[in-house]
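Here's the letter readout for the chains.
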Amino acid sequence: MELLWNDSNLPYSKEFDDIYYADESGLDEGRYLFLKQNKIAERMCTSKRALVIGELGFGTGLNFLSVWDLWEKVKRESPLSTAPWVHFLSCEKYPLAPDQMKQALSRWTELAPLTEKFLKAYQDLPQGFHRILFSEHRISLTLFIGDAAESLRSFQSGREVDVWFFCGFAPRKNPEMWDEKIFSEVAKLSGAGTTFSTFTCAGYIRRTLSSLGFHAEKFEGFGRKREMVRGFFTKHFALSGPQKEVKSVTVIGGGLSGFSIAHHLARRGVHVQVIERNSGIASEASGNPAALTLPILTAEPTVLSRMSLGGFLFLRNWIQELGLENENFQRQNILQLAGNPNKFTEKFTDKFEKRKRGLIDLPESLVKLVNASEASSIAQTTIKSDAIYFQDAFILNLKKLCDKILETQSQQIKLKTSTNAVSFLNSESSWKVFDSENNLLSESDAVVFANAYDIQKFSETSWLPLRKIRGQVAHLESSPSLEKLKSVLCFENYLSPKLVDGTHVLGATYDNDDLSIDIRETENLEMIENLKNTLPDFKNENFKVQYSRVSFRTSVPGQAPVVGDLRNQKAESLQNAYVLTSLGSRGSVYAPIAAETLASQITGDPSPIERDLAEKISPERFLKAKPETLIHRTAQ
């Protein structure tokens, strides 16, 4: 979006020949038009469930910030306010760049503290759904970047939107935003009593809204505007939400998957019991002290590329929101190398451009192609090929992440280790979990199976076509040449800069259906040989392996995560039973967004991912697949 600034220093869209807000009174106008007319403060005080506000036209984010500001005042002045959360949803086809957003919001000094937090989380956004959490304030922002009608069609929620702000550019400037097809989607997401307001009094818009079931009325305008329009929805569309309010959940599995879902449930006020069979948390694949985070690039959007990109962007915000940007959560550049520079560079470059376009023209602040010289400068070691450069990625210590979640949410999350869940009893009111001696371990409204491949030992989940994939990593002692390395390098394997423990991780092998936990020196030597053949500065290095580690990834045919409701036409008894597994080698990228998606489904909140993507990661997809497409499970 080309943004100009008029003589009054107001942001002005060249594309639509219109300003984003009126003048110095823009904030007051929004408060009058949207907050007052929809009685937002009163609803924040009295609502028994999260308040969901939808908006057409995010623009500078001023309406979101004014809602957030009001929410802070309500919580401060009315401590008995009952709304647990505020979810703000907004469509925007032409998102502002972070520097444009900063300049546009700079005049509202009274919003400065919230604006600063918002701008810290806001980034260049490609097309798709993007959720930004501000958990400390109990408010979330979900941005739909792209066509509004398509975004609304792709949106899913267990309940209706409570309020709509119709806030696009003027209808004569941007008629597409005020088209009947958009309001038709708005109506499908509304319930009896859903309210709306808008600055325009155009007759055809009022007639369109009335034809779709909205009661529309004029009211006194703000400032020089004589009239505006507000109203409410008179019909009701049945949305498929939870059968009952979920106040407690048992999570089976104390790894990254288990603690991610525990976290996103706990921040919604749900009480969570985590049951882990090992003596400590994150003991298996989640014990990786140096998990890489980077999205998958594909020429055409796929389940894996969409899920990993959304997960990568969500993860960056989540790590920041948890306050984890420290020595255990190192912000790190990642270079994905082309390989043999003589044979593959041209093909690699062409492939990258197709992949970048395939993922909706990714911004260069996220990923870009660099030549060998630029890659060498970034990594501080000689690189002979082009590389894909991922900026602001992370190396994560997954156990420390799980520890942090448990530490910060100790009131909501309880943990039982060295405890083996063996059987389950489901009634209309609860799920009971028992050990091998039939002792009751937990009783809750719902259960989540998040224990990776071990899910297969339960009858409720044994039908999922899971497989184990063995992986071995080697931790190398540092050396003068390794000490210089300033970027993660991904080639046939990967190599990290120095970690907190002073080692460099070299990984990882990939062995399907190999159940051996033995450390294999031959695999370490093979990875070291790959490293020497790829990076000339290390060709004569005498690497010393300080220690190695073997763990098992869990995957399914197609490799996509398995996330969702277990109840289906073959197993109606699995009401309020859910699964989160098959995160493969991208667990650190998939787990947080998958957990937020599942937590939203369990509680009936708006989903952070598109409807079709949620269906493609649902466990029910395997009931529709042809038997011959499913890989047989590994024998125990």
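Our subject is the structure listed above.
On a predicted model such as this, the values are computed, not experimentally measured, just so you know.

Turning our eyes to something else, we now look at helix 9 (residues 256-266). Counting buried residues in helix 9 gives 11 out of 11 residues, a clear majority hidden from the surface. Within helix 9, the full set of buried residues consists of Leu256, Ser257, Gly258, Phe259, Ser260, Ile261, Ala262, His263, His264, Leu265 and Ala266.

For an α-helix, 3.6 residues make a turn, and residues three or four places apart therefore share a direction. Within helix 12 (residues 372-379) the residues assigned to the buried category are Ala375, Ser376, Ile378 and Ala379. The buried residues of helix 12 occupy an angular sector of 165 degrees when projected down its axis, which confines them to one face. The N-terminus of helix 12 is capped by asparagine 371, whose side-chain oxygen sits 3.1 Å from the backbone nitrogen of serine 373. Just past helix 12, the residue glutamine 380 takes up positive phi, approximately 60 degrees.

Position of glycine 310 relative to the elements: it lies in helix 10 (residues 303-321). In this structure glycine 310 comes out as partly exposed when scored by relative accessible area, which is 21%. With 283 residues separating them along the chain, glycine 310 and isoleucine 593 place their C-alpha atoms 7.3 Å apart.

The next subject is the side chain of threonine 509. Relative to the helices and strands, threonine 509 is located in the loop between strand 26 (503-507) and strand 27 (511-512). At 2.7 Å, the side chain of threonine 509 forms a polar contact with the backbone nitrogen of glutamine 472. Side-chain polar atoms of threonine 509 contact the side chain of glutamate 523, separated by 3.3 Å. Residues contacting threonine 509, with those up to four places away along its chain left out, are Arg470, Gly471, Gln472, Glu523, Met527 and Arg553.

Conventions and cut-offs
- Residues numbered from 1 in each chain as written.
- Predicted model: local features only at pLDDT ≥ 70, side-chain atom pairs only at ≥ 80, totals over all residues.
- Heavy atoms only, no water.
- Buried < 20%, exposed > 50% of the residue type's maximum accessible area, 1.4 Å probe, protein only.
- Helix = DSSP H or I, 4+ residues; strand = E, 2+ residues; numbered from the N terminus.
- Arc of directions from axis to C-beta.
- Polar contact = N/O pair within 3.5 Å; in protein donor to acceptor, adjacent residues only side chain to side chain.
- Contact = heavy atoms within 4.5 Å.

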